[in-house]
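# Structural features, examined
Given next are the chains, with one letter for each unit.
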Protein chains: 2
Amino acid sequence: MNIIASNKCHGGYWKRYQHFSNSCQCEMTFSIYFPSGYQGSYEFQQAPQSSSLPALFWLSGLTCNDQNFVQKAHVEQAANQFGFIIIAPDTSPRGIEIEGQDDTYDFGSGAGFYLNATREPWAKHYQMETYISQELYAAVVEQLPVDHARVGIFGHSMGGHGALTLALNYPEQFRSVSAFAPICHPVTCDWGKKAFSGYLQTAAEALRYDACELIKQGKRVTALMVDQGDADEFLAEQLGTEALIDVCQQHKIAAQITMRPGYDHSYFFIASFVAQHLAFHAEQLTS
Amino acid sequence: MNIIASNKCHGGYWKRYQHFSNSCQCEMTFSIYFPSGYQGSYEFQQAPQSSSLPALFWLSGLTCNDQNFVQKAHVEQAANQFGFIIIAPDTSPRGIEIEGQDDTYDFGSGAGFYLNATREPWAKHYQMETYISQELYAAVVEQLPVDHARVGIFGHSMGGHGALTLALNYPEQFRSVSAFAPICHPVTCDWGKKAFSGYLQTAAEALRYDACELIKQGKRVTALMVDQGDADEFLAEQLGTEALIDVCQQHKIAAQITMRPGYDHSYFFIASFVAQHLAFHAEQLTS
C-alpha cells in the first residue's frame, strides 16, 4: 500500500493509497479516514497490535472515484464521534485499455457496478465484487486496527446498489448496511440493464446483483437504512425505491426508508444526512 | 441574477447565479448559501421585506472558482446555527480573452487578487476590488434580507489576503474579518510580486493591497481571527504570517492568530475550523 496523499482534517487523517489489485489486475486507488482520538498506529501493517475500531466501507456512484466522498460528504466529525475508520474505494478498474471503456458515463470507467464481470473483454479486470468484499476487505481487517465483527457498508446510487447487494451476499463481512438514493432494482432500469447485459453473460447472473431479487431469494440483512430525496432527478426512472419498500414489507425486513423533501441526488444530500447514517451503523454494530 | 443551480443542503439552499458585472465587464458567477429556518424569501428582489440576516462574504484562493468553498468547506451547519447568508464569489473575471490569462496558475484566470488592475490589458476586466466591495456587496445588501450592519468577510490564501485588505479598506462594508492561511504580506512574496507587477502600474499602488502595509498606514479592524496550519506547504515562502503577527502586536490590533499543528493548505484545514470562524463573526457582528 503506497501512500500518495495525507491530509489532516478535524483531528484525524484522510490518507490516499495505491496498490496493485490481484482481483482487478491493475493499480487501484482508495482513500481512508482515520478518526481522531485513536492512540495506536494508523498504517497498514502485518498483525496490528489493536483490533478495536469499527469500520465502514463507502461505495460511490457513477462517474465518481475515491475522492468524491472524501471531498464532499464531510463525514469526519461523525466518524470521530463513533470512532469509525472509513474506506472509500474507487468505482471501477483504472489505467487499463478496453475498447469502449470511456464512451459513456454509465458503463466502463467509473461504472463498475460492484460485480464480477463474466463477459469479455471486461472479465479480466472488472472484478469489483471480489475486490471490495475479499481483497480490500482482507487488507482492512487484517492490516488495520479494525474489529472484524464491526464492519459495515454504505453507499450512494450505484454505490448504494453495491452496498445493499454486498451486504446481502456477504453478511459475515458486512454486519450493517445503509444507502443514499440506491439503485434498488437494477434489473428493471436502464442503468442496470445496460451494465448487466454488458458485463454479464446471462440474465440469470444478474439476479445476484439486484437487492430486491436477493431479498426475494431469501437473502437477509438485520436492518436497513435508506434515505432518498424526493427532488432526485433519477428517482422516477432509475432508482426503484418503491420496489424496495414493497419487498422489505413483504419479507419483513426491518427497513427504515425515508423520503427527504426537497433533496436531490447530489453530495449536498449525502452531507446532510451522513451523520445519521453513521449513528445507525454504530447502533447496529454494537447490538 | 440568473439562477443556474439550486441544491438543498442541511435544510438550507445553495444557489448559484450568473450576472453581467459592470465592474468586470463580463458574466460573473457566484454562489450563495441561504440558511435553514429563515421564513422570508430567499431570492434577489427589489426592496426585500426583511433585512434581518447577517451575511459573510467568502473569498477563495488561487485556481478556485465559486464552487470550491461550496463543495468542500461544509459551512452549512454553522451557517444555520448563526443564521448567516454566505456569498462565495469567483476569484477572477471569466469568459474573456486576454493573452496570457491562462498561462500560469498564479496570474490571470483564477488569480484576480481582489484588486483593481491599472495596467493594460488587465484593467478593463480585472476590477475585483470594486466588484466585491461595491457591485456584489450592493446587490446582497439591497436585494437580499441582509442587515447591512452585520456583514463580514473571510477567505483563504489569496482570498485571505482579499478579506484582510477589503476589511481594512472598507470598514463600513465589512464589520468583521477572519482568514485561513492568508497571504499576509504580498509585497514581499513571489505570488504578490508577480500579481502586483502584472496588474498594477506602480509599486506604490500595491501598498493598499497588502494587509501589513495597510496596518502600518493606520488602517484598522476591530478584531481579527487567523488560522494557519503549521504543515502548510506555502507557509515559509508565501504567506508572511510572522509579519502579520509582528505588525498586529506593534499596532495593538486585537488579533487571534493560531498555528494549527499538522494542518496543510487545503480545504480539509478550512473544513476543520470553519465553524469556529463563523462563531467569531457572529460574536463580532452582535457586539
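It should be emphasised that the depicted structure is a prediction, and the values quoted were computed from it without experimental measurement. (Residues numbered from 1 in each chain as written. Chains lettered and ligands numbered in written order. Predicted model: local features only at pLDDT ≥ 70, side-chain atom pairs only at ≥ 80, totals over all residues. Heavy atoms only, no water.)

The next thing to look at is the overall build of chain A. The helix and strand tally for chain A stands at 9 helices and 9 strands. Relative to a compact globule of 287 residues, whose C-alpha radius of gyration would be 19 Å, chain A shows 18 Å and is just as compact. Judged by the C-alpha coordinates and their principal axes, chain A covers about 50 × 40 × 35 Å. When burial is assessed residue by residue, chain A has 62% of its 287 residues classed as buried. Contacts in chain A between residues far apart in sequence, at least 24 positions, make up 73% of those at least 6 positions apart. In the structure as shown, chain A presents an accessible area of about 10,600 Å², 47% of it carried by carbon and sulfur atoms. When the 17 positive and 29 negative side-chain charges of chain A are each reduced to one mean point, those points stand 5 Å apart. (Helix = DSSP H or I, 4+ residues; strand = E, 2+ residues; numbered from the N terminus. Rg over C-alpha atoms; globule rule 2.2 N^0.38 Å. Buried < 20%, exposed > 50% of the residue type's maximum accessible area, 1.4 Å probe, protein only. Contact = heavy atoms within 4.5 Å. Areas by Shrake-Rupley, 256 points an atom, 1.4 Å probe, with all protein chains shown as cover. Lys, Arg positive; Asp, Glu negative; His and termini not counted. Charge placed at Lys NZ, Arg CZ, Asp CG, Glu CD.)

Counting residues at the interface gives 21 residues for chain B and 21 residues for chain A. Buried surface at the junction of chain B and chain A, summed over both partners, amounts to about 1,800 Å²; 53% is from carbon and sulfur atoms. Residue assignment for the side of chain B that touches chain A shows that the elements contributing at least two residues are strand E1 (2-9), helix H1 (67-72) and helix H9 (267-286) of chain B. In terms of residue class, the side of chain B that touches chain A is made up of 9 nonpolar, 9 polar and 3 charged. (Buried area = accessible area lost by both parts, 1.4 Å probe. Nonpolar A, V, L, I, M, F, W, Y, C, P; charged D, E, K, R; others polar.)

This paragraph deals with the pairing of strand E3 (residues 26-34) of chain A. All names here are of chain A. The buried fraction of E3 amounts to 8 of the 9 residues, a majority that puts the element mostly inside the structure. Across 9 bridges, strand E2 (residues 12-21) lies against E3 in antiparallel orientation. By the bridge assignment, Tyr 17 is partnered in E3 with Phe 30. Here E2 folds back onto E3 in antiparallel fashion, the turn holding 4 residues, of which Gln 25 has a positive phi close to 55°. (Pairing = 2+ DSSP bridges.)

Turning our attention to a negative patch on the surface. Residues and elements named next belong to chain A. A grouping of Glu 97, Glu 99, Asp 102 and Asp 103 is seen on the molecular surface, where their side chains present a negatively charged patch. Relative to the elements of secondary structure, Asp 102 occurs in the loop between strand E5 (85-89) and helix H3 (128-143). With a relative accessible area of 57%, Asp 102 lands in the exposed category. (Patch = residues over 30% accessible without salt bridge, like charges linked within 9 Å, V, L, I, M, F, W, Y side chains within 5 Å. Salt bridge = Lys/Arg side-chain N within 4 Å of Asp/Glu carboxyl O.)

This next bit is on the pattern of salt bridges. All names here are of chain B. Scanning the model with the defined rule gives 18 salt bridges over all chains in all. Salt-bridge contacts for Lys 15 lead to Glu 43; the nearest nitrogen and oxygen are separated by 2.8 Å. With a gap of 28 residues between them, Lys 15 in strand E2 (residues 12-21) and Glu 43 in the loop between strand E3 (26-34) and strand E4 (53-59) connect regions that are remote in the sequence. Residue Glu 43 is classed as partly exposed on the basis of its relative accessible area, which comes to 31%. With its nearest N and O atoms 2.9 Å apart, the salt bridge here joins Asp 66 to Arg 16. Of the two residues, Asp 66 is situated in the loop between E4 and H1 and Arg 16 in strand E2; the sequence distance between them amounts to 50 residues. For Asp 66, a relative accessible area of 1% corresponds to the buried category.

All names here are of chain B. Relative to the 28 Å expected for 20 residues at 1.5 Å per residue, H9 spans 28 Å between its end C-alpha atoms, a close match to the ideal helical length. By the largest-angle criterion, Phe 273 marks the main kink of H9, which is about 50°. Extensive coverage of H9 is indicated by the burial of 15 of its 20 residues. Put simply, Ser 266 is the residue that caps the front of H9, since its side-chain oxygen is 3.1 Å from the backbone nitrogen of Phe 268. (Expected span 1.5 Å × (residues − 1). Bend = angle between axes of the 7 residues up to and from the residue. Polar contact = N/O pair within 3.5 Å; in protein donor to acceptor, adjacent residues only side chain to side chain.)

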